[in-house]
Amino acid sequence: MPNQDTMSPETLSFLRQRRSHPSVTMSSPGPDDDQIQDMLTIAARVPDHGKLNPWRFVLYAGEQGEAIGTWLAARYESLNGPLDGEQRQKELTRFTRAPLVIGVISTAAVHPKIPIWEQQLSAGAVCMNLVTAAAASGFVSQWLTEWFAFDEEASRYLGAGDNERFAGFVHIGTATQPPVERQRPDLSQLISNWTQAD
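Residues numbered from 1 in each chain as written. Predicted model: local features only at pLDDT ≥ 70, side-chain atom pairs only at ≥ 80, totals over all residues. Heavy atoms only, no water.

### Here we look at the side chain of Q142
Okay, step 1: Position of Q142 among the secondary structure elements: in strand β4 (residues 140-144).
Okay, step 2: With relative accessibility at 19%, the residue Q142 sits in the buried group.
Okay, step 3: Polar contacts involving the side chain of Q142 include one to the main-chain amide nitrogen of S23, which spans 2.6 Å. (Helix = DSSP H or I, 4+ residues; strand = E, 2+ residues; numbered from the N terminus. Buried < 20%, exposed > 50% of the residue type's maximum accessible area, 1.4 Å probe, protein only. Polar contact = N/O pair within 3.5 Å; in protein donor to acceptor, adjacent residues only side chain to side chain.)

What follows is the structure, given as structure tokens:
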């Protein structure tokens, strides 16, 4: 029997309904400083083999988004050639869609006991905790990577150091429209019972 004292039907109901919102549908207000601190505190409560804290956060305030977008547009153009109007606008607004963007950086490194893969998974868990905390705080969020998470020069510009990489950018704001539910996985196709191999 489950422990009745630790059961939380409200939490289970919340998790069954949690979903991401497209960042292009977000607006102000975003979280205030105290709410951000609380969300990051929750985000950091993840499995972390060895207590390494193999991740860190970078906050991008709304007013910084235009400068970032200008830089990203120039970088994208240098990599891919001249931009049409639609693509340029897309790059210019990467960090202005939501009032707050939080970058989660994986700082995974070689360790004598803790595999890098486990450290990277911990950073992914941080991202998931962060979007859950945002939703539970009354905001909407979207966890994105996008091309600049995988470009070394762009990653450095956005705050990653040597041998670091972005696990994602979590956009947080207020919903301007109801979310559209997407099709969820058919679990019957994804679950199996282990049997010993011959």
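### Observations concerning helix α2 (residues 33-43)
Okay, step 1: Residues I36, M39, L40 and A43 constitute the buried set of α2. The arc that holds the buried residues of α2, viewed along the axis, is 95°, so those residues lie on one side. In α2, those exposed residues whose orientation departs by more than 90 degrees from the buried face are D34 and Q37.
Okay, step 2: On its buried side, α2 packs onto β2 (55-61), β3 (100-106), α5 (116-136) and β5 (165-175). (Arc of directions from axis to C-beta. Contact = heavy atoms within 4.5 Å.)

### Notes on the packing of helix α3 (residues 65-80) against helix α4 (residues 85-92)
Okay, step 1: Two numbers describe how α3 lies on α4: the axes approach to 7 Å, and their chain directions differ by 135°. By the angle class used here, α3 and α4 are oblique. Mapping the contact onto sequence places G65, G69, T70, L72, A73, Y76 and E77 in α3 and Q87, R88, E91 and L92 in α4. (Axes fitted to C-alpha atoms, helices over the stretch in contact; angles between N-to-C directions. Parallel < 35°, antiparallel > 145°, perpendicular 65-115°, else oblique.)

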